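Structural overview for review
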Amino acid sequence: MPCFICETCGTQYVESEDPPVACGICTDERQYVGWQGQRWTTQDRLAARHTLRIGDDAGLLGIAVQPDFGIGQRALLVPTASGNLLWECVSLVTDEAVAALQARGGVQIMAISHPHFYASMLAWSEALGNVPILLHEADRAWVRRPSPRIEFWRGASRRLSDSLTLLHCPGHFDGSTALHWREGVRGLGALLPGDALQVAGDRRHVSFMYSYPNAIPLAPSAVRRLRAVLADTQFDDVYGFSWGRNIIGAGRAAVDKSFERYLAAVTG
Ligand SMILES: [Zn+2]
Ligand SMILES: [Zn+2]
């Protein structure tokens, strides 16, 4: 039986004879149903129209579907002395991408910032050797293809190693998560926030939204909470959700300035 994939958000669903009636991710007020109506695809059909871009994004191996599919995110391989983590996920899995990851030491663990990027996470886990997937407990209800390989973590943070820590950054989603990498590519620390903090088009600021496509701002109380969550976290680079959308250098100052700018804008 196929695992249908929503054409609009890229989420892969549990095996079924017929496509699901609706996509719960897209009918949520943070997303939207495609303007042509709800459409579904599968891995095979996706592979006939799309490939994966595999290459360097600011010093990390990035993987993204091309032409763009779903939300347009890219996954990143984060290499550390205690193992490699695959951050975020995409809808298409290819042998070439799996080989590229294996050539760099493989993937020991996967983690994803929030439900918009769950994509084909189980297909990726299987292709990489049944790698565990870490998701925040607060987003458990959004999983559309459950598995014992998904491990839900709770609380404010989850330390994975000396280098890597998951930080609970609720706002856009209740379980939104950022990855903090103590070293980063340049030795000065990196923050990978998904879109809990969205790297802006100028790549000198971040911003905050409850819904990006439907333009619903994040409440000031939630933004102040994010500021507190990140207050003691050191980083110089911020990797945004899509290819090249990164702040390389002075990322901590950019985030601090952006908290002030956003709060001034929405509180008058
Ligand atoms: Zn969808
Ligand atoms: Zn999102």
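Note that the coordinates shown come from a computational prediction; the quantities given were computed from them, not determined experimentally. Along every chain, residues carry numbers that run from 1 in the direction the sequence is written. Ligands are numbered from 1 and chains lettered from A, in the order in which they are written. Totals for whole chains, interfaces and linings use every residue, but because this is a predicted model, local features are given only for residues with pLDDT of at least 70 and side-chain atom pairs only at 80 or more, for both listing and counting. Just so you know, side-chain values use all the structure's heavy atoms and leave hydrogens and water out.

**Re helix α3 (residues 95-103)**
An α-helix turns once per 3.6 residues; consequently, residues spaced three or four apart project the same way. Classification of residues uses two cut-offs on accessible area relative to the type maximum, computed with a 1.4 Å probe and protein chains only: under 20% is buried, over 50% is exposed, and between them is partly exposed. Numbered from the N terminus, helices here are DSSP runs of H or I no shorter than four residues, and strands are runs of E no shorter than two. Along α3, the positions that sit buried rather than exposed are A97, V98, A100 and L101. Down the axis of α3, the buried set is contained in an arc of 160 degrees. They therefore lie on one face. Counted as exposed and oriented over 90 degrees from the buried face of α3: D95, E96 and A103. Should any heavy atoms of two residues lie within 4.5 Å, those residues are considered in contact. Residues of α3 that are buried sit in contact with β3 (51-57), β4 (60-66), β5 (74-80), β6 (83-87) and α4 (121-127). The arc refers to the directions leading from the helix axis to the C-beta atoms.

**Structural notes on the coordination of the zinc ion (ligand 2)**
Within the protein, the zinc ion (ligand 2) binds to H114 (NE2), H116 (ND1), H172 (NE2) and D195 (OD); these donor distances fall in the range 2.1 to 2.5 Å. Note: metal donors comprise N, O and S atoms at 2.8 Å or less from the metal (3.2 Å for Na, K and Ca); water molecules are not included, so apparent gaps in a site are possible. In these descriptions, tetrahedral denotes four donors with every angle between 85 and 135 degrees, square planar four donors and octahedral six donors with opposite donors over 155 degrees apart and the rest between 65 and 115, and irregular any other case. What the four donor atoms of the zinc ion (ligand 2) show is an angle range of 98 to 154 degrees at the metal, which sorts the shape as irregular. Binding-site remark: the zinc ion (ligand 2) is held by donors from one chain whose sequence spacing is H-x1-H-x55-H-x22-D. With respect to class, H114 is no different from H116; both count as buried.

**Looking at unusual backbone geometry**
In this structure, P67 follows Q66 across a cis peptide bond, with omega equal to -15 degrees. The phi angle at E88 is positive, at roughly 70 degrees, despite the residue not being glycine. Although it is not a glycine, A119 adopts a positive phi angle of roughly 45 degrees. Position of A119 among the secondary structure elements: in the loop between β7 (109-111) and α4.

**Here we look at the environment of G106**
Its location among the elements puts G106 in the loop between α3 and β7. For the pair formed by G106 and G83, sequence separation is 23 residues and the distance between their alpha carbons is 8.6 Å.

**Some points on the layout of surface pockets**
Within this scheme a cavity is a closed region of a 1 Å grid, computed over the protein atoms alone, that accommodates a 1.4 Å probe without allowing it to escape, whereas a pocket is open but has protein on both sides within 12 Å along at least five of seven lines; lining residues each have an atom within 4 Å of a point. Grid points are joined across faces, edges and corners, and a volume is the space filled by probe spheres set on the points. Here the largest pocket is characterised by a volume of approximately 320 Å³. Taken together, 19 residues line the largest pocket, and the ones lying closest to its centre are E7, T8, Q31, Y32 and G70. Residue polarity is assigned by list, with Asp, Glu, Lys and Arg as charged and Ala, Val, Leu, Ile, Met, Phe, Trp, Tyr, Cys and Pro as nonpolar; anything else, Gly included, falls into the polar class. Taken together, the residues that form the lining of the largest pocket break down as six nonpolar, nine polar and four charged.

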